[in-house]
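Here's the letter readout for the chains.
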Amino acid sequence: MTVLDEIIVGVREDLAERERAVPAARLAEQVAGAPAPRDPMPAFTAPGVSVLAEVKRASPSRGDLAQIADPAALAARYAAGGAAAISVLTERRRFRGSLDDLVSVRAAVEVPVLRKDFIVTDYQLIEARAAGADLALLIVAALDDAQLRDLHATAVELGLTPLVEVHDEAEIERAVAVGARLVGVNNRNLKTLAVDPATFARLAPLVPEGVCRVNESGITGPADVAASRAAGADVVLVGEALVTGDDPAAAVQAMIDAGR
Ligand SMILES: O=P(O)(O)OC[C@@H](O)[C@@H](O)c1c[nH]c2ccccc12
């Protein structure tokens, strides 16, 4: 089993528990009462590189990164620094996140919020929207073609903007085939956790014109953002460098300046 497979086993167990506790019909009612989805695309496609700043306590590769007792306060600092959107890891076992984190972040900022998780069923998308999410991550490596197509369609129907994550050439083709408008190239291979920072530059030219490109993982500071821009990135997704630094607002600001 790959690391990705192991993570998904745990995700499915937690999901089964939530499905028992909250029937899909009740979630659907919550969706009706959720705040209207925010559209990230105008900011993402504006000139320069947008920063998608992540609330990330821990990861399977790095272990504990930061306590983050108040995710809403951290997200507010990201927004103050000019972050175009906020990513919230909601996976519990390996990343120590939760949907409660997402709810509090969404209430604290005016920018769109991404549910960052290992989404394998419609239920998780409905949950995301019920919690106020504006975007949802779909990891191509975790899904077969039918799942990817169906989840992408469901996300769009719910008003969520899908961020479709790829790691190689074949996955880009699969993302494009389902009509992805926002494609994230993860420099980290989720099957082995190895990071190759050259992945984005290699794959970005294969993403069709008009599709928004996100450079994900391993971005350590402004120099990496300038390089991302040169390689064709519209957006950078940054976690570790922001949660381990001491001034998240200034760190976001410096990255935006470097991407101009
Ligand atoms: O902390 P970093 O290296 O800045 O990476 C952030 C983000 O790209 C990473 O958290 C991520 C990208 N894709 C994922 C899928 C699942 C979990 C996590 C991720």
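Bear in mind that the values here come from a model prediction, so they are computed numbers and not experimental data.

(A) Region of interest: helix H5 (residues 99-108). Listed as buried for H5 are Leu-99, Asp-101, Leu-102, Val-105 and Arg-106. Looking straight down H5, one finds that the buried residues subtend no more than 145 degrees of arc, so they occupy a single side. Across H5 from its buried face, at more than 90 degrees, point the exposed residues Asp-100 and Ala-107. Tucked inside the fold, the buried residues of H5 contact strand S1 (50-55), helix H4 (71-80), strand S4 (85-89), strand S5 (113-116) and helix H6 (122-130).

(B) Molecular detail of the site of the ligand. Not every one of the 16 residues close to the ligand is listed here, only the nearest: Glu-54, Lys-56, Glu-165, Gly-239 and Glu-240. Contact between the ligand and Asn-186: a nitrogen atom at 3.1 Å from a side-chain N or O atom of the residue. Contact distances for the ligand include 3.4 Å between a nitrogen atom and a side-chain N or O atom of Glu-216. In isolation the ligand has 440 Å² of accessible area, and contact with the protein removes 97% of it. Looking at the shell around the ligand, the elements that each hand over two or more residues are strand S6 (135-139) and strand S10 (235-238). Here the shell around the ligand is built from residues that sort into 6 nonpolar, 4 polar and 6 charged.

(C) Inspection of the side chain of Gln-124 at higher detail. With respect to the element layout, Gln-124 can be found in helix H6. One polar contact links the side chain of Gln-124 to the main-chain amide nitrogen of Val-120, over a distance of 2.6 Å. Apart from residues lying up to four places away in sequence, Gln-124 is in contact with Val-11, Leu-15, Arg-18, Arg-115, Phe-118 and Ile-119.

(D) Main features of the packing of helix H10 (residues 222-230) against helix H12 (residues 248-258). Contact geometry for H10 and H12: axes closest at 8 Å, N-to-C directions at 35 degrees. Along this stretch, H10 crosses H12, giving a crossing that reads as right-handed. Touching Pro-222, Val-225 and Ala-226 of H10 are Ala-254, Met-255 and Ala-258, all from H12. Residue composition of the contact of H10 with H12, by class: 6 nonpolar, no polar and no charged.

(E) Here's a closer look at the pairing of S4. Across the 5 residues that make up S4, a large majority, 5, are buried. On S4, burial covers both faces: Ala-85, Ser-87 and Leu-89 on one face and Ile-86 and Val-88 on the other are all buried. Bridge count for S1 against S4 is 4 bridges, and the pairing is parallel. Of the residues in S4, the one forming a bridge with Val-55 is Val-88. Bridge count between S4 and S5: 4 bridges; the pairing is parallel. Opposite Val-88, over in S5, you have Arg-115 as the bridge partner.

Rules and cut-offs
Residues numbered from 1 in each chain as written. Predicted model: local features only at pLDDT ≥ 70, side-chain atom pairs only at ≥ 80, totals over all residues. Heavy atoms only, no water. Buried < 20%, exposed > 50% of the residue type's maximum accessible area, 1.4 Å probe, protein only. Helix = DSSP H or I, 4+ residues; strand = E, 2+ residues; numbered from the N terminus. Arc of directions from axis to C-beta. Contact = heavy atoms within 4.5 Å. Near = heavy atom within 4 Å. Polar contact = N/O pair within 3.5 Å; in protein donor to acceptor, adjacent residues only side chain to side chain. Areas by Shrake-Rupley, 256 points an atom, 1.4 Å probe, with all protein chains shown as cover. Nonpolar A, V, L, I, M, F, W, Y, C, P; charged D, E, K, R; others polar. Axes fitted to C-alpha atoms, helices over the stretch in contact; angles between N-to-C directions. Left-handed = near helix turned anticlockwise from the far one by under 90°. Pairing = 2+ DSSP bridges.

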